[in-house]
Structures are given as structure tokens and as C-alpha cells.
Amino acid sequence: MNQGHFSLKAAERVEILTLMDNYVDLLLRSGDVVTRPSTERDGMISEDTLVAEHGLSLLVTVFGKGERHTVLFDTGHTAIGVPHNIRLLGVDLGDVEAIVLSHGHMDHTGALYPILEDHPGPVPLVVHPAAFYAPRYLRLEDGRRLLFPDTLKRDELEKRGARIQESEAPVLLAGDMILVTGEVERTTDFEKGFPAAVIEREGKEEQDPIRDDQSLVIHLKDKGLVVVSGCAHSGIINTVLYGKKITGIETIHTIIGGFHLSGPVFEPVIEKTVEAMKPMDPKVLVPMHCTGWNAVGRFSEAFPEAFILNSVGSRFILD
């Protein structure tokens, strides 16, 4: 992993639109940082609605010095949900200049093929090489293994216009205003990955470290870093620390995305995560997707001024 600092240009404004998350609530109110979607269509309450699923997809747009760049981060769980929400939210896929996958699990790659088919031209697809590893399994307590769907097929992606860009090291995108972390360095003593995840390599089963886990880092001018995670299988604290390390920027403004703190394996480290995050002092904190109900509640208590409840269709405006 590259340990040097990357020349990340400051963005004057960042917009993050939730195309997919586990939760939707159309009655949430807008605030200083977040704009909620309208239920009105031509003077009536719409008969159609945004949908949620166990997945994540975020449209990230950065602005700076007269430039505007948009990157799609993950594509949800199914081939149906994200395209449906894109239509209702009026998103123009032609604005997307790159697609980044946080990792190769199906709840982040589900709508990738239809999105590529609907995109007006070839588009870079930024992935860690390990995203293509298969077969992957979830090992259950009763000894059974559940096979992860193998959703990433190189030839099928390329047929649909994906220009695959594999990198373990960080990658600059969007006029050098978005940094894809690449493989995240793991330094904390309590973030130990996903013990139930296994992978088969050369006929042998071993624990899957999910090395392909990666996030986005943006430098919001005069405010600090915006860290956007998919599942944070490397650990959300490790992810933020690594973002600071590879940019050389210490101040944290926003932490947003999945923190993977749901269930009996991960809930014991919720408090350690909260305590480790307190010195980071984020001004905006938006846990999503796999963070889990108990962890979301704890973050809302520990960071009452920064916490915002996410919902499909929410647009976060950072400037």
C-alpha cells in the first residue's frame, strides 16, 4: 500500500445523494445540511415512491474552481432498486464520469450491469483487484456455508462499457478532488474484520480479509476531510485514520456511509468505535446501511450535534 501523501485538491462544495440505503422515511424534514426528497408530483402526492433495500449507493458530486465532477459509489443490492430511484430522483447518468466499488459484495454491486447499459458511453470502473475474488462464503454458526453471488464478471462488465481500473493503491478521480483509498491499512486493536467471511483459494478455505474494502476521501476547503465508506470492513476508525495518513490532513469534517457494526459479532465494539471517533470530532456524522440499529442509536446519543439520520433520497450539501 502506498504510504505517501496524495495531492488531493480541495473541493469548495460536496453533494452526496443517497440512491440506496436500508431505510426510507419520506416524512423526515430537511435541515441545514440535508435536503429531503419531495413526495409531490404535479400538485399531487406521487403514487410512486422511493424504495429501500439492504444495499448502498451514493452519488457524489464535487465542485471547485468552476469545475463539477460526479462519481457513483456502489450500486445497491438488486438490479431494480437503484435504477428505480434514479428515475424518480431525476438523476442523469451522463453526469457520472466514474463508478467506484467499495468492495465486491452483492449489496454494493447489484445494479451495476443495468447502470452500465444505461450510461451513454464507456465509463471507468475503479475496483480493488480482490473484488473479483471468488468463491466467497458466509460461514454460519451451525457449520453451513452460504455462497456469495459472484456478481462481477470481467468480460460482461467490459461488454457493457466498463473500463476496469484495478488498484490496491489510492486513485485520484474527479479533477483530483476525490481520492479512492484503495486497500485500507488496519491499525486499531478492536476492528478485526468479518470473522464469518471465508474465501476459497486454490482449493483451500481461509478467512476472507475483504482486502477490497475501500472508501472515498474528499478535502472540503477550509473544513477538513469528508470520508465516505461503503461497509468499512476494514473498520470505520481504520478508514478515517488511513484517509488522514494518505492526505496529510488531520481535521475531519464528515464521516458518512456504512460502518458495519450490526449483529452480535460487531456490537461489542460499538462503544470502542464511539470512543475512538470522539477525538475526531466530526461536524457531520451519517451512519448508513450495515451500521445497525443499536450502533446508529449510540452515535445519535454520542454526537447529537453532528448526527443525521439517513433515508433514501436524502441529499447532503457540504460547503
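Scroll up to find the structure.
All values derive from a computational prediction rather than experimental measurement. Sequence order as written defines the numbering, with residues in each chain counted from 1. Under the rules for a predicted model, residues below a pLDDT of 70 receive no local features and side-chain atom pairs below 80 are neither given nor counted, while totals for whole chains, interfaces and linings still include all residues. Excluded from the side-chain calculation are hydrogens and water; included are all heavy atoms of the structure.

A. Geometry of the layout of surface pockets. Buriedness of a pocket was judged along seven lines, with at least five required to meet protein on both sides within 12 Å; pockets are open sets of points on a 1 Å grid over the protein atoms alone, cavities are sets where a 1.4 Å probe fits but cannot get out, and lining residues have an atom within 4 Å of a point. Grid points are joined across faces, edges and corners, and a volume is the space filled by probe spheres set on the points. Space inside the largest pocket adds up to approximately 490 Å³. Around the largest pocket, the lining is made up of 25 residues, and of these Leu-138, Phe-194, Ala-196, His-260 and Phe-266 lie nearest the centre. Ten residues, namely Ala, Val, Leu, Ile, Met, Phe, Trp, Tyr, Cys and Pro, are considered nonpolar, four, namely Asp, Glu, Lys and Arg, are considered charged, and the remaining ones, Gly among them, are considered polar. Looking at the lining of the largest pocket, its residues break down into 12 nonpolar, 10 polar and three charged.

B. Region of interest: the pattern of salt bridges. The salt bridge definition used is simple: a Lys or Arg side-chain nitrogen within 4 Å of an Asp or Glu carboxyl oxygen. Scanning the model with the defined rule gives 23 salt bridges in all. Of the charged contacts, one joins Arg-136 and Asp-208 as a salt bridge, the two residues approaching to 2.7 Å between their closest N and O atoms. Note that Arg-136 is positioned in strand E10 (residues 136–139) and Asp-208 in the loop between strand E16 (204–207) and strand E17 (216–220), a separation of 72 residues in sequence. This pair shows no difference in class: Arg-136 is buried, exactly as Asp-208 is. The partner of Arg-144 in a salt bridge is Asp-142, with the nearest N and O atoms 2.9 Å apart. Comment: elements are numbered from the N terminus, with helices defined as DSSP H or I runs of at least four residues and strands as E runs of at least two. Relative accessible area decides the class of each residue, using a 1.4 Å probe on protein chains only: under 20% of the type maximum gives buried, over 50% gives exposed, and in between gives partly exposed.

C. Quick look at the pairing of E10. Taken together, the three bridges between E10 and strand E15 (residues 197–201) define a ladder with antiparallel strand orientation. Looking at E15, one finds that Tyr-137 is bridged to Val-198. Note on pairing: two strands pair once DSSP finds at least 2 bridges between them. Two strands pair when backbone bridges link them, and E10 and strand E11 (residues 145–147) are joined in this way by three bridges, in the antiparallel orientation. By the bridge assignment for E11, Arg-139 is matched with Arg-145. The loop that links E10 with its antiparallel partner E11 comprises five residues; one of these, Gly-143, has a positive phi angle of about 95°.

D. Fine view of empty space enclosed by the protein. Here the structure, examined in full by the defined rule, presents one cavity of 30 Å³ or more. Empty space within the largest cavity amounts to approximately 90 Å³. Forming the walls of the largest cavity are 13 residues, and the residues nearest its centre are Gly-104, Tyr-133, Arg-136, Pro-149 and Asp-150. Along the lines of polarity and charge, the residues of the lining of the largest cavity split into eight nonpolar, three polar and two charged.

E. Just the sheet that holds strand E8 (residues 96–100), in detail. Strand order in the open sheet formed by eight strands is E3-E21-E2-E6-E7-E8-E9-E12, with mixed pairing between adjacent strands. Only two strands of the sheet have a single partner each, and these edge strands are strand E3 (34–35) and strand E12 (162–166). In the packing of helix H1 (residues 81–89) onto the sheet, contacts are made with strand E2 (13–20) and strand E6 (57–64), and the angle to E2 comes to roughly 125°. Should any heavy atoms of two residues lie within 4.5 Å, those residues are counted as being in contact. Interaxial angles span 0 to 180 degrees and are taken between N-to-C directions of axes, which are lines fitted to C-alpha atoms, for helices over the stretch in contact.

F. Structural view of unusual backbone geometry. A cis amide bond links Ala-134 to the next residue, Pro-135, at an omega of 0°. Here Pro-135 lies in the loop between strand E9 (123–127) and E10. Positive phi values are uncommon outside glycine, yet Asp-42 reaches one of about 55°. Within the element layout of this structure, Asp-42 appears in the loop between strand E4 (40–41) and strand E5 (44–45).

G. Geometry of the side chain of Glu-53. Secondary-structure assignment places Glu-53 in the loop between E5 and E6. For the buried Glu-53, which has no salt bridge, the nearest side chain bearing the opposite charge is Arg-87, at an N-O separation of 13 Å. Working convention for charge: Lys and Arg count positive, Asp and Glu count negative, and His plus the chain ends are omitted.

H. Spatial organisation of helix H4 (residues 236–247). A helix's residues, less one, multiplied by 1.5 Å, set its expected span. An ideal rise of 1.5 Å per residue puts 16 Å on 12 residues; H4 measures up with 17 Å between its terminal C-alpha atoms. Among the 12 residues of H4, 10 are classified as buried, and the element is accordingly described as predominantly covered. Within H4, the full set of buried residues consists of Ile-236, Ile-237, Asn-238, Thr-239, Val-240, Tyr-242, Gly-243, Lys-244, Ile-246 and Thr-247. Buried residues along H4 sit against strand E14 (178–180), E17, strand E18 (224–229), strand E19 (252–258) and helix H5 (270–277).

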